[in-house]
Structures are given as C-alpha cells and as structure tokens.
Amino acid sequence: MPFLQINSHHFFANYQALRQKIAPNNPEKLAIVLKDNAYGHGLKEIAQLANNVKIPSAFVKNTKEALEIHSLFQHITILYPQTLPDEALLKECLEKPNLYFAVANLDFLNLLPKGAKIELKVNSGMNRNGICPTDLPLAFEKIVQNQLELVGIFTHNGFGDDLGSEFFTQQDNFLQIKKESLKLCENFHLSKPRFHSLSTSGALRIKNSPKNQLDSPELSDDLYRIGIGFYGYLCADLILEIPIRLQPIASLWVNKISSLSLKKSQRIGYSGVSKLDRDAIVSTYDIGYGDGLFRLREGMELCTKEGFKILPRVSMDCLSIQSHHQCLCLFDNVWEWAKAFNTIPYEILSHLKPHIPKQIL
Ligand SMILES: *Cc1c(COP(=O)(O)O)cnc(C)c1O
C-alpha cells in the first residue's frame, strides 16, 4: 500500500520556528488551519500533533471536520459551515460550546439559531468572502436581535505573498474595521471579539516589518491563522526575504505491484508515451491520480527521491518507475511537483485523498 509519512519532529520544529518569529511571548496567538483534511495530511493526525504542543485554536472547512476533532482544541472555527447540507451535523456542532461558525454574509445571521457562536468575516480588500465594512452596524443589529454570540471579527489579507503596498492597505482597512467594531461593541454592550487577519506569509511579514507596530494592544490581532507554515512550506515571493527555516512534514511512499524486464525502445503505459533508451527493469507502484496524485504526462520529467525516473503517463491507480525496488519515496517536498504542474504546494498536497494511510514518524 502507499502511505503518507508525517514527520512529527519536523512539525514540532516548524511550530517552534513559527512561534519564535510570530508570537514569542504569546504562543496562544498561533492558531492552526486544518481545513481540507489538514491540507491533505490527515485531519486527526495533524490535530493530535497540534494538541501535543497545546495549540488552542484551529480552523476547519466544514461541520464534519469540526466534529472529528472537537475534543482537541479550545476554539474551533468552521470557515465554510454552509458547504455541507447536513442538518444533523449542523445541529451537533451547535451543541458544542467550542465550535464557532464563520459568517460571511448578512443572510446567514438570520439562519443561525439563538445562542450560536459566530466569527464575522469582513471584506478588507481581497474582495472575496465577507460582509462589506459599511454593513457592520447592520450586522451588529442582527447579531443582537437574533441573540447570537459574537466571538470574533476577522478578515483575510490576500496579499501576504506579494511585494507591494496592497498588503499594508488591507491591514489599514482592517484597522478601521476593528475601531468601528469596538465602538459598536460598546453601543450594543458586547464584549470585545477576537480579531484576526493573517495567514502564514502575512503573519511572518508583519513581524518582519518595522512599519506595522501597533501600539494599542486592543487593536492588535489576537490570532494568526497559520496553515502552510506548519506543513513546512512558505510560498511568499523570495524578494520578501522572510528569514525562517521550515521543513516539509509529509513524504509520500509507494510499494511495488509488479516488475518487468524490458528491452531498449520498448514502450510503456497508455499510448506507449514512455520509451526505454536502454534495457531496464520497470515496475509499477500502487498510487495514481485516483488517489489525488497529479497526472504526470508526456513531456513532464520527475524522479523519485532516490532518483528513479517516473515514466509518464500516470494511471488512475498506479504509475511506472524505472526501478526494481519494493518501496520508493515519490517526494518529501512537493516543490518539484508544484513546478512541473505550474501550481503551488497547497494544490499538490490538498489533492491527496484522505484514504491514503498515514504513518506518524
Ligand atoms: C487557508 C486559510 C488560511 C491559512 O493560509 P496559509 O497560507 O496556509 O497559512 C488562513 N485563513 C483563512 C481564512 C484560510 O482560508
């Protein structure tokens, strides 16, 4: 069987490095993003590692993910609670005091029952999810009217990876949103919600930048939503020169199904697109694009960690490699795969299907 090996030592080292750079004096501000099966790494497995280092807050995609790990965190926010049409799961989530619903539109405020705990998402310039800042008063009215509990107010800065001023413009916009929210809290006699806006690259950047020293603790962020950093990657523009060493935590291993001794110029797989340039042993291994691996095809060249050539095309459930070994490592760092497919590590990782067995090292 194939398996995804999770290196817990790398995870703990990443945690220490991120904590040191982002919140050395307030480790509780470091939250972990576990959405989409922990970026393909295994939700329960990564949640357990996060629990080992006492990370108090987590973010998940939907109600199902929240319930799977609800006992491991003090605070869990469901980022996309409306994406699973399952009333029973929703009801169960509503009964758990540590589960919060992200609210990205005003209508959802009318759908949630009394007592539901929410984190209100406000658009600060990414122009993707969230209510318009000018609708804040209306949102507060509905929250009070419907007796919802306002746990947090957040936004998502979509420019953390890029050199340029937009990142800071969005931070300024969120600062205004925070000020307005504090006023509204006072008017409506609500206690201060927690504020958060930054993911891995943004959080590292702000700590790295002398420009953004907020002097009022009330207005500083209470939380950093760290995803990709925990998994060992940083996708920010190199020109930002963010000084941190992170190590990928996942490596993907495959086992041999069968071997053939082939002659020079014999062709392999669908349409025979791979052709041997010498006599060689070629074996198939037990993973394919049906397991979420990207479909390597003609013109793409990738090798295993050991240096054996992967022979396109990848099939749905298997792939061919010029090797006779029983067990091989397809990657312990997905940057090569991301480059070959002109994408980012996030996409290669989150594609990996949950059924791939996990082995914690
Ligand atoms: C995915 C996500 C994050 C984490 O981003 P990384 O770049 O992986 O750190 C943070 N916040 C929200 C709202 C997200 O959806």
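Read on for an overview of the structure. This is a predicted model, so every value here is computed, not measured. (Residues numbered from 1 in each chain as written. Predicted model: local features only at pLDDT ≥ 70, side-chain atom pairs only at ≥ 80, totals over all residues. Heavy atoms only, no water.)

1. Observations regarding the overall build of the protein chain
Piece 1. Helix and strand counts for the protein chain stand at 12 helices and 17 strands.
Piece 2. With the C-alpha coordinates aligned to their principal axes, the bounding extent of the protein chain is approximately 80 × 50 × 35 Å.
Piece 3. Across the protein chain, contacts joining residues at least 24 apart in sequence account for 68% of those joining residues at least 6 apart.
Piece 4. Of the charged side chains in the protein chain, 39 are positive and 37 negative; the average position of the first set lies 5 Å away from that of the second. (Helix = DSSP H or I, 4+ residues; strand = E, 2+ residues; numbered from the N terminus. Contact = heavy atoms within 4.5 Å. Lys, Arg positive; Asp, Glu negative; His and termini not counted. Charge placed at Lys NZ, Arg CZ, Asp CG, Glu CD.)

2. Quick look at the packing of aromatic side chains
Piece 1. By the definition in use, this model includes 12 aromatic pairs.
Piece 2. Where Phe-11 meets Phe-12, the ring centres are 5.8 Å apart and the plane angle is 80 degrees; that geometry is what we call edge-to-face.
Piece 3. The exposure class of Phe-11 is buried, given its relative accessible area of 0%.
Piece 4. For Phe-12, a relative accessible area of 27% translates into the label partly exposed.
Piece 5. Ring pairs connect the aromatic residues Phe-11, Phe-12, Tyr-15 and Phe-230, which therefore count as one cluster. (Phe/Tyr/Trp six-rings, centres within 6.5 Å; stacked < 30°, edge-to-face > 60°. Buried < 20%, exposed > 50% of the residue type's maximum accessible area, 1.4 Å probe, protein only.)

3. Concerning the sheet that holds strand β3 (residues 57-60)
Piece 1. Taken in spatial order, the eight strands line up as β8-β7-β6-β5-β4-β3-β2-β9 in an open sheet, and their pairing is parallel. The sheet is open, and its two borders are formed by β8 (194-196) and β9 (224-226), each paired with just one other strand. With direction set aside, neighbouring strand axes in the sheet form an average angle of 30 degrees.
Piece 2. Bridging between strand β2 (residues 30-33) and β3 involves two bridges; their strand directions are parallel. Bridge pairing in β3 places Ile-32 opposite Ala-58.
Piece 3. The strands touched by helix α7 (residues 136-145) within the sheet are β6 (117-121) and β7 (149-154), with β6 carrying the most contacts at an inclination of about 170 degrees. (Pairing = 2+ DSSP bridges. Axes fitted to C-alpha atoms, helices over the stretch in contact; angles between N-to-C directions.)

4. Here's the deal with unusual backbone geometry
Phi is mostly negative for residues that are not glycine, and the peptide bonds are mostly trans.
Piece 1. For the bond from Pro-312 to Arg-313, the omega torsion is -5 degrees, close enough to zero to count as cis.
Piece 2. Here Arg-313 lies in the loop between β14 (310-311) and β15 (319-321).
Piece 3. Residues other than glycine seldom take positive phi values, yet Tyr-39 does so here, at roughly 55 degrees.
Piece 4. In this fold, Tyr-39 is placed in helix α2 (residues 35-39).
Piece 5. Residue Tyr-39 is classed as buried on the basis of its relative accessible area, which comes to 7%.
Piece 6. Positive phi, normally seen in glycine, also occurs at Ser-265, with a value near 70 degrees.
Piece 7. With respect to the helices and strands, the residue Ser-265 is situated in the loop between β10 (250-262) and β11 (267-268).

5. A look at the site of the ligand
Piece 1. Taken together, Val-33, Lys-35, Tyr-39, Leu-79, His-156, Ser-199, Thr-200, Arg-225, Ile-226, Gly-227, Ile-228 and Tyr-346 form the complete shell of residues around the ligand.
Piece 2. Within the contact set of the ligand, an oxygen atom lies 2.6 Å away from a side-chain nitrogen or oxygen of Lys-35.
Piece 3. Here a nitrogen atom of the ligand and a side-chain polar atom of Arg-225 are 2.8 Å apart.
Piece 4. For the ligand, whose unbound accessible area comes to 390 Å², protein coverage reaches 94%. (Near = heavy atom within 4 Å. Polar contact = N/O pair within 3.5 Å; in protein donor to acceptor, adjacent residues only side chain to side chain. Areas by Shrake-Rupley, 256 points an atom, 1.4 Å probe, with all protein chains shown as cover.)

6. What about the pairing of strand β5 (residues 99-103)?
Regular strands show a simple pattern: their side chains alternate between the two faces of the sheet.
Piece 1. With five of its five residues buried, β5 lies for the most part within the structure.
Piece 2. Judged by which residues are buried, β5 turns out to be covered on both faces: Leu-99, Phe-101 and Val-103 on one side and Tyr-100 and Ala-102 on the other are all buried.
Piece 3. Handedness of the β-α-β unit built from strand β4 (residues 75-78), helix α5 (residues 87-95) and β5 comes out right-handed. (Right-handed = clockwise from strand over helix to strand, strands pointing away.)

7. Things to note about the environment of Phe-174
Piece 1. Counting through the fold element by element, Phe-174 comes out in helix α8 (residues 166-187).
Piece 2. Each C-alpha atom, one on Phe-174 and one on Cys-303, is 45 Å from the other, the two residues being 129 residues apart in sequence.
Piece 3. Ignoring sequence-local partners within four residues, the contact set of Phe-174 consists of Ser-124, Ile-153, Phe-154, Thr-155, Phe-195, His-196, Ser-197 and Asp-221.

8. Considering the environment of Ile-348
Piece 1. Turning to its location among the elements, Ile-348 is positioned in helix α12 (residues 345-350).
Piece 2. By relative accessible area, Ile-348 is classed as buried at 3%.
Piece 3. Sequence-wise, Ile-348 and Gly-292 are 56 residues apart; in three dimensions their C-alpha atoms are separated by 8.2 Å.
Piece 4. When residues no more than four places from it in sequence are discounted, the contact partners of Ile-348 are Phe-294, Val-334, Trp-337, Ala-338 and Thr-343.

9. Some words on the packing of α7 against α8
Piece 1. α8 packs onto α7 with a crossing angle of 40 degrees between their chain directions and a minimal axis gap of 10 Å. By the angle class used here, α7 and α8 are oblique. Both α7 and α8 take part in a crossing whose hand is right-handed. In this structure, α7 contributes Leu-136, Pro-137 and Phe-140 to the contact, and α8 contributes Ile-177, Glu-180, Ser-181, Leu-184 and Cys-185. (Parallel < 35°, antiparallel > 145°, perpendicular 65-115°, else oblique. Left-handed = near helix turned anticlockwise from the far one by under 90°.)

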